[in-house]
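# Commentary on secondary and tertiary structure
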Amino acid sequence: MSEELERLSRFVKSGRVSRREFMVAAVAAGVTVASASTMFAKLARAEPKAGGHFKLGIGAGSTTDSIDPQTYLDTYMQSVGHSVFSYLTEVDPDGKLVGELAEEWDVSPDAKVWTFKLRPGIEFHNGKTFTAEDAVNSINHHRGPDSKSAAKGIVDAIEDVKADGPNTIVITLKGGNADFAYLLDDYHLAMMPTKDGKADASGIGTGAYILDRIDYGVTAVVKKNPNYWKSGRGWFDTVEFLAIKDVAARTNALNTGQIHAMDRCDLKTIHLLERNKNLEIVSITGTQHYTIPMLVDQAPFDNVDVRTALKYAIDREKLVETILRGYGAPGNDHPISPANRYFAKDLEQRRYDPDKAKHHLKKAGFETLQVDLSTADAAFSGAVDTAVLYKEHAAAAGIDINVVREPNDGYWENVWMKKPWSFCYWSGRPTEDWMFSLAYSADANWNDTHWKNPRFNELLVEARAELDEKKRAQMYAEMQALCRDDGGTVMPMYANYVNALSKKVGHGKMGNNWDLDGLRAAERWWFAEA
């Protein structure tokens, strides 16, 4: 690149020249019009610019949603929540844990007592200063015998939480947990202001945006917080979150410019999006996985051989090829992904084997089996097609799967954890303990199979406090094997996060801890040309 072009590039990045000025100068320097246009687009996207109304189409959301963080079920409210609220800690785009409203923390040698120093001078959207009292009440919002919070499985580990001055809280755990600071990034554990001695869950936070209006299951609009404390975050003037569950409608909205970005692309037609020069396809390998949970306290799923037969009766490689179009990898009937630190890479991969499926059916006392499987694309894009393919695979083992197509609206409230066998997706979690505690421990609120394995639960507690890395790895490997061989979940595939963005939208390195840049798209992204 010539010195003149380098100089022009610096000016574009700093916003000192317009597109027209750049084009004229670049063409004069010998660059073709087409090349100059491409260069400008790339350079302009590289530098964040403030302003604009960003519209994000999300394939989730329900009329039964609430702004109260303890009720968050899916990516829609989780994304809205991350725009409005802040958390004590944050997993950054590199996967590292950093402080958000907690500046720093110390932990006792037995990993039981955690002391968090809070960031001073932070204000809620209503002008109230964030204090230790707010942090304590925000955590207690999820505690207690009457709590219905989905984070109850996390906060149940807390023996005591108290303020130590205006900017310090001390959390004492019932048992050691070396990963506890990670758990405070959970999307339920938002920091809220205190009102009448309790956390005010009406939607007042310290996040980059202020809640303007929300029509549950349809749209939510947030506006820029003028007092946001983070530099380099919260670029848009306003953000609109649109619940568009139908992936064809979501795709059409992006193609026609009605929205600027969408999540959960339809992988069957992603090649068409890839041809659109105005769009960028972003595929992130993370911890997301698709599951087919059985309620193991209901027949016939209470028989481990029936569960094992169903696990051998699904062709995972074929599903990755046909449903994910290669944007993922085969699962192994446990929730820990290759992106996790203690992934059991030596655990034998379960593969499609109709003969083994028949063997386990026979052990269970069945020559054939007929079962209902509830599904809807609300679970994940392609869930219905996956169920149909599973039915075809299982037929070779003498298993007749009756595919029951459920309504998308209300799927998470009326089908998941209600019907004996259904589809689900999980974003996964940055730590093994977090994922297992949330959905596999005996008393977890989201234990969507009702599976209670004494050895697994014993290991969960032991591994949590174990500081020896080698011993910890062995424990988590055994727990993954227990899930695979005894658990109630068929886990056929790890799925990449696949989103599509207008090239008008800029972003940095994207986080892989959750979808949509760690649920922080509204906070981290920007318009190249506002």
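Everything in this summary refers to the structure shown in the same document. Computed from a predicted structure; not experimentally measured. (Residues numbered from 1 in each chain as written. Predicted model: local features only at pLDDT ≥ 70, side-chain atom pairs only at ≥ 80, totals over all residues. Heavy atoms only, no water.)

### Comments concerning the packing of helix 10 (residues 304-312) against helix 12 (residues 354-363)
As a reminder, the rule being used: Angles run from 0 to 180 degrees between N-to-C directions of axes, and those axes are lines fitted to C-alpha atoms, restricted for helices to the stretch in contact. In DSSP terms, a helix is any run of H or I states spanning at least four residues, a strand is any run of E spanning at least two, and both are numbered starting from the N terminus. For this classification, under 35 degrees means roughly parallel, over 145 means roughly antiparallel, 65 to 115 means roughly perpendicular, and everything else is oblique. The sense of a crossing depends on the near helix, which, turned anticlockwise from the far helix by less than a right angle, makes the crossing left-handed and, turned clockwise, makes it right-handed. Residues are treated as being in contact if the distance between any of their heavy atoms lies within 4.5 Å. When residues are sorted by character, Ala, Val, Leu, Ile, Met, Phe, Trp, Tyr, Cys and Pro go into the nonpolar class, Asp, Glu, Lys and Arg into the charged class, and all the rest, Gly among them, into the polar class.
Running from amino to carboxyl end, helix 10 crosses helix 12 at an angle of 165 degrees, the nearest separation of the two axes being 8 Å. The angle between the axes of helix 10 and helix 12 places the two elements in the roughly antiparallel class. Of the two elements, helix 10 crosses helix 12, and the hand of that crossing is left-handed. Of helix 12, the residues touching helix 10 (which contributes Asp305, Thr308, Ala309 and Tyr312) are Pro354, Lys356, Ala357, His360, Leu361 and Lys363. In terms of residue class, the contact of helix 10 with helix 12 is made up of 5 nonpolar, 2 polar and 3 charged.

### Points about the packing of aromatic side chains
The condition that has to hold: Side-chain rings of Phe, Tyr and Trp (the six-membered ring for Trp) are treated as a pair once their centres are within 6.5 Å; stacked means planes under 30 degrees apart, edge-to-face means over 60, and tilted covers the remaining angles. Throughout, exposure labels follow a simple rule: accessible area from a 1.4 Å probe, protein chains only, divided by the maximum for the residue type, with under 20% read as buried, over 50% as exposed, and the rest as partly exposed.
Enumeration according to the criterion identifies 27 aromatic pairs in this entry. With centroids separated by 5.9 Å and ring planes inclined at 70 degrees, the aromatic side chains of Trp412 and Tyr425 adopt a geometry described as edge-to-face. Placement of Trp412 in helix 14 (residues 411-414) and of Tyr425 in strand 19 (residues 424-426) is noted, with a sequence separation of 13 residues between them. Take Trp412 and Tyr425: they sit in the same class, and that class is buried. Ring geometry for Trp416 against Trp446: centres 6.0 Å apart, planes inclined by 70 degrees, an arrangement best described as edge-to-face. You can see Trp416 sitting in the loop between helix 14 and strand 19 and its partner Trp446 sitting in the loop between helix 15 (432-439) and helix 16 (454-465), a full 30 residues away along the chain.

### What about the environment of Ser108?
Put simply, the rule reads: Any N or O atom pair separated by 3.5 Å or less is treated as a polar contact, with the protein-specific requirement of one donor-capable and one acceptor-capable atom, and with residues adjacent in sequence counted only for side-chain atom pairs.
For Ser108, the location among the structural elements is in the loop between strand 4 (102-107) and strand 5 (113-118). Sequence separation of Ser108 and Ala481 is 373 residues, and the distance between their C-alpha atoms is 31 Å. Engagement of the side chain of Ser108 in a polar contact is seen with the side chain of Asp110, the distance being 2.5 Å. Only 3.3 Å separates the side chain of Ser108 from the backbone nitrogen of Lys112, close enough to count as a polar contact.

### As for the pattern of salt bridges
Cut-off, in case you're wondering: Salt bridge, as applied in this entry: a Lys or Arg side-chain nitrogen positioned within 4 Å of an Asp or Glu carboxyl oxygen.
This model, assessed by the stated rule, comprises 32 salt bridges. The salt bridge involving Glu90 is made with Lys230; its shortest N-O contact spans 3.0 Å. Here the residue Glu90 occupies a position in strand 2 (residues 89-91), and Lys230 occupies one in the loop between strand 11 (219-224) and strand 12 (238-243), the gap between them amounting to 140 residues. Glu90 sits in the buried class, given a relative accessible area of 2%. Since its relative accessible area comes to 11%, Lys230 is described here as buried. Between Arg351 and Glu317 there is a salt bridge, with the nearest N and O atoms lying 2.6 Å from each other. Of the two residues, Arg351 is situated in the loop between strand 16 (328-330) and helix 12 and Glu317 in helix 11 (residues 316-322); the sequence distance between them amounts to 34 residues. Residue Arg351 is classed as partly exposed on the basis of its relative accessible area of 48%. Shared partners join several salt bridges into a network, and the residues in it are Glu90, Glu100, Lys230, Arg233, Asp517, Arg520, Glu523 and Arg524.

### Comments concerning the sheet that holds strand 1 (residues 53-58)
Under the convention used in this document: Strands qualify as paired when DSSP identifies two bridges or more between them.
Spatially, 7 strands are ordered 10-11-12-1-13-21-14 in an open sheet, and the strand pairing comes out mixed. Every interior strand has two partners, whereas the edge strands, strand 10 (209-215) and strand 14 (279-284), have only one. On the sheet, helix 4 (residues 75-84) packs against strand 1, strand 10, strand 11 and strand 12 and is oriented at approximately 165 degrees with respect to strand 12.

### Let's talk about unusual backbone geometry
In the segment running from Ala299 into Pro300, the intervening peptide bond is cis, with an omega of 0 degrees. With respect to the helices and strands, the residue Pro300 is situated in the loop between strand 15 (289-293) and helix 10. Here Met417, not a glycine, exhibits a phi torsion of approximately 70 degrees, which is positive. Counting through the fold element by element, Met417 comes out in the loop between helix 14 and strand 19.

### Regarding helix 17 (residues 469-486)
Two residues of an α-helix separated by three or four positions point the same way, owing to the 3.6 residues in each turn. The test is simple: Multiplying one less than the number of residues by 1.5 Å gives the expected span of a helix.
The terminal C-alpha atoms of helix 17, which comprises 18 residues, lie 25 Å apart, in line with the 26 Å expected from a rise of 1.5 Å per residue. Those residues of helix 17 that sit buried are Arg472, Met475, Tyr476, Met479, Gln480, Ala481, Leu482, Cys483 and Arg484. Taken together, the buried residues of helix 17 touch helix 10, helix 15 and helix 16. A distance of 2.9 Å separates the backbone nitrogen of Lys470 from a side-chain oxygen at the start of helix 17, and that oxygen is part of Asp468.

### Observations regarding the pairing of strand 12
Counting buried residues in strand 12 gives 5 out of 6 residues, a clear majority hidden from the surface. Note that strand 1 and strand 12 share 6 bridges and pair parallel. Along strand 12, the bridge assignment pairs Ile58 with Ala243. Relative to strand 12, strand 11 runs antiparallel, the two being bridged by 5 bridges. In the sheet register, Thr219 faces strand 12, and the bridge partner there is Leu242.

Geometric descriptors of this kind do not, in isolation, establish any biological role.
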